[in-house]
Amino acid sequence: MNDKLPRMDYRQHRRARRLVHECCNYDGGNCLLLDDGEPCVCVQSISLSLMCRWFRVAVLPLDGELAAALLYRGSRKRCAVCGAAFVPKSNRGKYCPDCAGRMKKIKAAERKRKQRHKCHALEPFKPA
């Protein structure tokens, strides 16, 4: 086989085996793509490497953290909030997609609070 295939540790293998059931070619432990008249065991469920191309392209992205850990080992980062592995969309990415929306709201609230404090909009009116 190809030496460039990503290798999994035991935890990653367990997560991948759970994902195998989501594959549209999975039929009771057998792979429909490899079926040539007699049933053939799904290769991905028994291997510690990502051998099935269909699994890599269609099924693995369902678990974003596992996909980042296996496919993008050199370019992945850790989220600054939750610590999950993710693949950033740019070189400035600090947060995973789940935390990015929440942090955007928090930062906007802080920015507006600072802006209001700077212009004294919330201070009580003092007549001279």
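Residues numbered from 1 in each chain as written. Predicted model: local features only at pLDDT ≥ 70, side-chain atom pairs only at ≥ 80, totals over all residues. Heavy atoms only, no water.

## Thoughts on the packing of helix 1 (residues 10-20) against helix 4 (residues 64-71)
- Where helix 1 meets helix 4, the axes come as close as 11 Å, and the angle between the chain directions of the two elements is 125°. In terms of axis orientation, helix 1 runs oblique to helix 4. As helix 1 packs across helix 4, the resulting crossing turns out to be left-handed. Contacts between helix 1 and helix 4 involve Gln12, Arg15, Ala16 and Leu19 on the former and, on the latter, Glu65, Leu66, Ala69 and Leu70.
- Among the residues forming the contact of helix 1 with helix 4, the class breakdown is 5 nonpolar, 1 polar and 2 charged. (Axes fitted to C-alpha atoms, helices over the stretch in contact; angles between N-to-C directions. Helix = DSSP H or I, 4+ residues; strand = E, 2+ residues; numbered from the N terminus. Parallel < 35°, antiparallel > 145°, perpendicular 65-115°, else oblique. Left-handed = near helix turned anticlockwise from the far one by under 90°. Contact = heavy atoms within 4.5 Å. Nonpolar A, V, L, I, M, F, W, Y, C, P; charged D, E, K, R; others polar.)

## Section: the environment of Asn30
- Counting through the fold element by element, Asn30 comes out in strand 2 (residues 30-31).
- Taking the C-alpha atoms as reference, Asn30 lies 5.4 Å from Cys40; in sequence the two are 10 residues apart.

## Focus: helix 1
- Restricting attention to buried positions, one finds in helix 1 the residues Gln12, His13, Ala16, Leu19 and Val20. For helix 1, the arc enclosing every buried residue in end-on projection is 120°, short of the 170-degree limit, so these residues lie on one face. Turned more than 90 degrees away from the buried face of helix 1, the exposed residues are Tyr10, Arg11 and Arg18.
- Packed against the buried residues of helix 1 are strand 1 (26-27), helix 2 (43-46), helix 3 (53-59) and helix 4. (Buried < 20%, exposed > 50% of the residue type's maximum accessible area, 1.4 Å probe, protein only. Arc of directions from axis to C-beta.)

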